[in-house]
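# Survey of secondary and tertiary structure
Each chain is listed here by its residues.
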Amino acid sequence: MPVESGSSAASRQAKQKRKSHSLSIRRTNSTEQERTGLQREMLEGQDSKLPLSLRSNLLDLFGQIEREFENLYIENIELRREIETLNDRLTAEGQTIDGGDLTKGALKTKASHSTSQLSQKLKTTYKASTSKIVSSFKATTSRAVCQLVKEYVGHRDGIWDLSVTRTQPVVLGTASADHSAMLWSIETGKCLLKYVGHAGSVNSIKFHPTEQMALTASGDQTAHIWRYMVQLPTPQPVADISVILNADLCVSVCMSPIPQQTPCDDDIDFSDKDEADGDGEGPNECPSIRMASTTLRSHQGVVIAADWLVGGKQVVTASWDRAANLYDVETSELVHSLTGHDQELTHCCTHPTQRLVVTSSRDTTFRLWDFRDPSIHSVNVFQGHTDTVTSAVFTVGDNVVSGSDDRTVKVWDLKNMRSPIATIRTDSAVNRISVSVSQRIIALPHDNRQVRLFDMSGVRLARLPHSNRQGHRRMVCCSAWCEDNSSCNLFSCGFDRQAIGWNINIPALLQEK
């Protein structure tokens, strides 16, 4: 019976070890996908403020790093086993070589070369992964300075829309689900006038470009045009110390202030106190208007939005009856019925200098209507979102900005609208957006009570302050910019029944970008 030599036995033992190790590697690779799936499920189940897409991307990148370390570990094990095999073979042949001397020879050179290659590959992969992570946040070195200036409280239900007048005096208008629209003094935060002519929720308010007229859209299937005349409160003079002391002595006597009357039209009712409850302004109830000068009736559903065309001689309305209507202001006649959307409309907007209209809908599209040629009007359909398009607005240039419930905002070029020139991805649905004319900044109101600011290239500039003491406490429905350099240059409103005035200071470095 032949006797097996020591070297052949050691060789066979090493082969068996390598075979068993390769089987373990295959078993590890076979369960890698299952482990990744379990990690992804555990990650999705955890509470985190990061969006799911970003968390998934981070998991994939860290998985690549983990696999590189596993490969390095396996190579290290293989090298150690080769060293042990050679030591066993040399021992069987009667040679004694110290393990430290062996590591100084060819095996150390091979191991060092292999390890250096893996380390370099690992460094490259790690650097590329971190670059992707950092670039996805699009962080900026300079940020906008945002400060809460004034709160406008007086509505008894959520505020859907707000707008700022384009003529003097500059006032803020709000449209609420409590069936009323209010005009506010921007500086004092006091209600100047209330319109109560609608029988349903007031969903939109827009001011005439040159005259003191307002256009409101309502859930009562109508749009109203009404005239207003307000007088801003005069600045209070600096009180003398003696006057202050005398006023302190008269506090117990003068418990109820005398209402101040504001000169206005004949339609204003000074005795309207039907809707006063604990949320109002108390004894100083603002005057109200009950009758519209023009009522537009053609829709068969809720009128969700309305706007003035350039010049102010025509208006456009958007409704849940899947149509947008173009009216003549002077005659109240229907000029065009803009049909084509497959589902309810959500918003409409007009170009500031051209006869262009953009409408958005729940059918995930928005449409551009061109009325520059009086004989014909063309329409273009844009399918850039995967969910309801909540609003689409024009900028001063040749851009359209659209926001959607798919948590994205896209910037389009009117000259080439095949694909957006910039895409902003957020972590919450986007409501009625607005773009600053002078600074070209997009304000995004969100369902998650946040308001964020981005530039036209999609770089995030700031998030408006939000805490238990300031900011909105419920969904933010709309935002609007004011370009007259007043103390408040951005306004927002929401379901918490209040509008907020903000002062946004943009560094010159960001404006140049």
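Residues numbered from 1 in each chain as written. Predicted model: local features only at pLDDT ≥ 70, side-chain atom pairs only at ≥ 80, totals over all residues. Heavy atoms only, no water.

### So, the overall build of the protein
The secondary structure content of the protein amounts to 7 helices and 30 strands. Counting over 513 residues, the protein shows a buried share of 44%. Residue pairs at least 24 apart in sequence account for 51% of intrachain contacts in the protein once pairs closer than 6 positions are excluded. In the form shown here, the protein has an accessible surface area of approximately 27,600 Å², with 50% of it arising from carbon and sulfur atoms. (Helix = DSSP H or I, 4+ residues; strand = E, 2+ residues; numbered from the N terminus. Buried < 20%, exposed > 50% of the residue type's maximum accessible area, 1.4 Å probe, protein only. Contact = heavy atoms within 4.5 Å. Areas by Shrake-Rupley, 256 points an atom, 1.4 Å probe, with all protein chains shown as cover.)

### Some words on the sheet that holds strand E19 (residues 378-382)
Reading across the sheet, the 4 strands line up as E16-E17-E18-E19 and stay open at both edges, with antiparallel pairing between neighbours. The sheet terminates laterally at strand E16 (345-350) and E19, the two strands that pair on one side only. Between one strand and the next, the sheet's axes are offset by a mean angle of 20°, whatever the strand orientation. Pairing of strand E17 (residues 356-361) with strand E18 (residues 366-370), which is carried by 5 bridges, proceeds in the antiparallel orientation. Among the inter-strand pairings, Ser-360 is bridged to a residue of E18, identified as Phe-366. (Pairing = 2+ DSSP bridges. Axes fitted to C-alpha atoms, helices over the stretch in contact; angles between N-to-C directions.)

### Some details on the pattern of salt bridges
Counted under the stated rule, the structure contains 7 salt bridges. Notably, a salt bridge pairs Lys-206 with Asp-161, separated by 3.4 Å at the nearest N-O pair. Within this pair, whereas Lys-206 is found in strand E6 (residues 202-207), its partner Asp-161 is found in strand E2 (residues 159-164), the two being separated by 45 residues in sequence. For Lys-206, a relative accessible area of 17% puts it in the buried group. A salt bridge links Arg-452 to Asp-427; the shortest N-O distance between them is 3.3 Å. Of this pair, Arg-452 sits in strand E26 (residues 451-455) while Asp-427 is found in the loop between strand E23 (422-425) and strand E24 (434-435), placing the two residues 25 residues apart along the sequence. The class of Asp-427 is partly exposed, set by a relative accessible area of 28%. What you see here is one network of salt bridges that share partners, running through Asp-161, Lys-206 and Arg-432. (Salt bridge = Lys/Arg side-chain N within 4 Å of Asp/Glu carboxyl O.)

### Concerning the pairing of strand E15 (residues 334-339)
Here strand E14 (residues 323-328) runs beside E15; their pairing, made up of 5 bridges, is antiparallel. Bridging across to E15, Ala-324 finds its partner in Leu-338. A loop of 5 residues connects E14 with E15, the two strands running antiparallel in sequence, and Ser-332 in this loop sits at a positive phi of about 65°.

### A closer look at the environment of Lys-313
The residue Lys-313 is located in the loop between strand E12 (303-308) and strand E13 (314-319) in this model. By relative accessible area, which is 67% here, Lys-313 ends up exposed. For the pair Lys-313 and Val-329, spaced 16 residues apart in sequence, the C-alpha to C-alpha distance is 5.5 Å. Once residues within four sequence positions are removed from consideration, Lys-313 is found in contact with Tyr-327, Asp-328 and Val-329.

### Concerning the sheet that holds strand E25 (residues 441-445)
Here we have 4 strands laid out as an open sheet, ordered E24-E25-E26-E27, and antiparallel in their pairing. The open sheet has two edge strands, E24 and strand E27 (460-463), and neither has a second partner. When E26 meets E27, the two strands line up antiparallel, connected through 3 bridges. Within the sheet, the bridge partner assigned to Arg-452 lies in E27 and is Arg-463.

### Topic: the packing of aromatic side chains
Given two aromatic rings, one states the distance between the centres and the angle between the planes to describe the pair. For the structure shown, the criterion picks out 9 aromatic pairs. For the pair Tyr-152 and Trp-184, a centre-to-centre distance of 6.0 Å together with 70° between the ring planes defines the contact as edge-to-face. Of this pair, Tyr-152 sits in strand E1 (residues 145-153) while Trp-184 sits in strand E4 (residues 181-185), placing them 32 residues apart in sequence. Each of the two residues, Tyr-152 as well as Trp-184, counts as buried. With a centroid separation of 6.4 Å and an interplanar angle of 65°, the aromatic rings of Trp-226 and Tyr-228 are classed as edge-to-face. (Phe/Tyr/Trp six-rings, centres within 6.5 Å; stacked < 30°, edge-to-face > 60°.)

### Focus: the environment of Asn-503
With respect to the helices, strands and loops of the structure, Asn-503 is situated in strand E30 (residues 498-505). Separated by 353 residues in the primary sequence, Asn-503 and Lys-150 have C-alpha atoms spaced 9.4 Å apart. Setting aside residues no more than four positions away along its own chain, Asn-503 makes contact with Val-145, Cys-146, Gln-147, Val-149, Ser-486, Ser-487 and Asn-489.

### Some points on the UniProt feature "repeat: WD" (unreviewed entry) in the protein
As annotated in UniProt, the feature "repeat: WD" (unreviewed entry) corresponds to residues 152-194, 195-226, 296-337, 338-379 and 382-422 in the numbering used here. Secondary structure within residues 195-226 divides into 0% helix and 56% strand; the distance between the first and last C-alpha atoms comes to 9 Å. (UniProt positions renumbered as here; feature names shortened; annotations may be inferred.)

### Section: the nonpolar core
Counting residues in each nonpolar core, the largest one holds 25 residues, and the members touching the most others are Phe-366, Val-401, Ile-442 and Leu-444. Elements with a minimum of two residues in this core: E17, E18, strand E20 (389-394), strand E21 (399-404), strand E22 (408-413), E23 and E25. Tallying contributions element by element places E20 first for this core, with 4 residues. Ile-159, Met-182, Ile-186 and Cys-482 belong to the second largest nonpolar core, which has 18 residues in total. (Core = buried A, V, L, I, M, F, W, Y, C linked by side-chain atoms within 4.5 Å.)

### Let's talk about the environment of Met-475
Take Met-475: it is sitting in the loop between E27 and strand E28 (476-481). Note: C-alpha distance between Met-475 and Arg-449 (26 residues apart in sequence) is 4.7 Å. If we skip the residues at most four places from it in the chain, Met-475 touches Asn-431, His-446, Asp-447, Arg-449, Gly-494 and Phe-495.

### With respect to the confidence of the model for the protein
For the protein, the mean per-residue pLDDT works out to 79, and 70% of the residues sit at or above 70. When the criterion is pLDDT under 50, residues 96-108 qualifies, and its contacts beyond four places in sequence or with other chains add up to 9 contacts. Within the model, the stretch residues 128-142 combines pLDDT values under 50 with 14 contacts to residues more than four positions away or in other chains. (pLDDT = per-residue confidence, 0-100.)

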